[in-house]
Amino acid sequence: MNRLKKSYFERDPITLARDLIGCRFVRIIDGIEIVGEITETEAYGDATDLASHARFGETKRNNVMFHDEGILYIYQIYGIFYLTNIVAGPTGKPGAVLIRSAQIIKGMERAQEMTNQSKFVKANKDLAIGPGKFSLAFGMNKAVNGISLTDSSTVFIEAKEGTPDIIESKRIGVDYAGKSANLRWRFYNANNEAVSKR
DNA sequence: ACATGGATTCGCT
DNA sequence: GCGAATCCATGTT
């Protein structure tokens, strides 16, 4: 048990995204603990990143991106899925890290139950692989938007042990983003199968 | 007020 | 490789 502190999140999203690989995401629902090792992340920057929601300036939807580091930014897409993001630093600049995948290491049954609440996804061996499925498995929805990972007793992140081998690649699904589309801001664990794409 | 389309996933082709 | 599912913030009348 070594929960990440506020200062950990007060770094730029690229550094944070890379460093979160291997950390443990912990979620407690109705007293049941679901734990997963983070295997895949993406960094989203400020207004100069044409794939980032911050490019619209501060709005009703994305305002948490502009505030405290270490809080959750939950965003719904396609009317169906929620995506889990963590607000990054440096202080005063918008930025976030998208959690794309995790390997469940505790609370598998509860994670399957949460996933099966979706009309569109059935829990299978690829549980929590892909940002929509990650959010389902860990019960991340708009109710947790704005919650701080450094304060909450029901959702937080623990430090990793060791140093995983990390592969970087271009982000998924951002081909529309012009000059930002090919930035290699996606990171995943080279030795873990629980990622959405190789 | 209203139209648009998205940081996705699945199932069928 | 493509279409559908389906919500709501955003941008446009």
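Everything below is about the structure printed above this text.
Below is a summary of the structure that appears in this document. Treat the numbers as computed from the prediction; the structure is a model and nothing was measured.

This next bit is on the protein's contact with DNA strand C. Neighbouring residues of DNA strand C: F56, T59, K60, R61, Q76, Y78, G79, I80, K119, F120 and K142. Within the side chain of Q76, an N or O atom sits 3.5 Å from a sugar or linking oxygen of DNA strand C. In this structure, Y78 approaches DNA strand C through a main-chain N or O atom, which is 3.0 Å from a base oxygen. Among the residues making up the surface near DNA strand C, the classes are represented as four nonpolar, three polar and four charged.

Okay, the protein's contact with DNA strand B next. In the region of DNA strand B, 19 residues are neighbours, and Y78, F81, N85, G130 and Y176 sit closest. Across the atoms of DNA strand B situated within 4 Å of the protein, the share located in sugar and phosphate is 53%. One of the side-chain N or O atoms of N85 is found 2.3 Å from a base nitrogen in DNA strand B. Elements represented by at least two residues in the surface near DNA strand B include exactly strand 3 (72-77), strand 4 (81-87), strand 5 (96-106) and helix 4 (131-137). Looking at the surface near DNA strand B residue by residue, the class counts come to twelve nonpolar, five polar and two charged.

Turning next to the pattern of salt bridges. Applying the stated rule across the entire model yields 14 salt bridges. Its salt-bridge partner being E42, residue R100 comes within 3.6 Å of it at the nearest N-O pair. With a gap of 58 residues between them, R100 in strand 5 and E42 in strand 2 (residues 32-44) connect regions that are remote in the sequence. For the pair R100 and E42, a shared accessibility class is recorded, and that class is buried.

Attention now moves to helix 2 (residues 13-20). Restricting attention to buried positions, one finds in helix 2 the residues P13, L16, A17 and L20. Buried residues along helix 2 cover an arc of 100° about the axis, so they all sit on one side. Its side-chain oxygen 3.0 Å from the backbone nitrogen of I14, D12 forms the N-cap of helix 2.

With that settled, consider the packing of aromatic side chains. Scanning the model with the defined rule gives five aromatic pairs in all. A ring pair is formed by F25 and F134, whose centres lie 5.1 Å apart and whose planes are at 75°; its orientation type is edge-to-face. Taken together, the residues F25 in strand 1 (residues 24-29) and F134 in helix 4 connect sequence positions 109 residues apart. Comparing F25 with F134 shows no difference in burial state: the two are buried. For the ring pair Y73 and Y75, a centre distance of 6.4 Å and an interplane angle of 35° mean the geometry is tilted. Assessed through its relative accessible area of 3%, Y73 is described here as buried. Linked through ring pairs, F25, F134 and F138 together constitute an aromatic cluster.

Another point: the pairing of strand 8 (residues 186-189). The side-chain alternation of strand 8 yields two buried faces, one formed by R186 and Y188 and the other by F187 and N189. Bridge count for strand 2 against strand 8 is three bridges, and the pairing is antiparallel. What sits directly across from E40, in strand 8, is Y188. Relative to strand 8, strand 7 (residues 166-169) runs antiparallel, the two being bridged by four bridges. Bridge pairing links S169 to R186 in strand 8.

Turning to the nonpolar core, a few remarks are in order. With 35 residues, the main nonpolar core has L20, F138 and I157 as its most contacted residues. Top contributing element to this core by residue count: strand 5, with four residues. Once residues lying within four places of it in the same chain are set aside, the contact partners of F138 are F25, R27, I29, I34, V35, G36, A102, I104 and A128. Grouped together as the second largest cluster of nonpolar side chains are eight residues, V64, I71, Y73 and V87 included.

What counts as what
Residues numbered from 1 in each chain as written. Chains lettered and ligands numbered in written order. Predicted model: local features only at pLDDT ≥ 70, side-chain atom pairs only at ≥ 80, totals over all residues. Heavy atoms only, no water. Near = heavy atom within 4 Å. Polar contact = N/O pair within 3.5 Å; in protein donor to acceptor, adjacent residues only side chain to side chain. Nonpolar A, V, L, I, M, F, W, Y, C, P; charged D, E, K, R; others polar. Helix = DSSP H or I, 4+ residues; strand = E, 2+ residues; numbered from the N terminus. Salt bridge = Lys/Arg side-chain N within 4 Å of Asp/Glu carboxyl O. Buried < 20%, exposed > 50% of the residue type's maximum accessible area, 1.4 Å probe, protein only. Arc of directions from axis to C-beta. Phe/Tyr/Trp six-rings, centres within 6.5 Å; stacked < 30°, edge-to-face > 60°. Pairing = 2+ DSSP bridges. Core = buried A, V, L, I, M, F, W, Y, C linked by side-chain atoms within 4.5 Å. Contact = heavy atoms within 4.5 Å.

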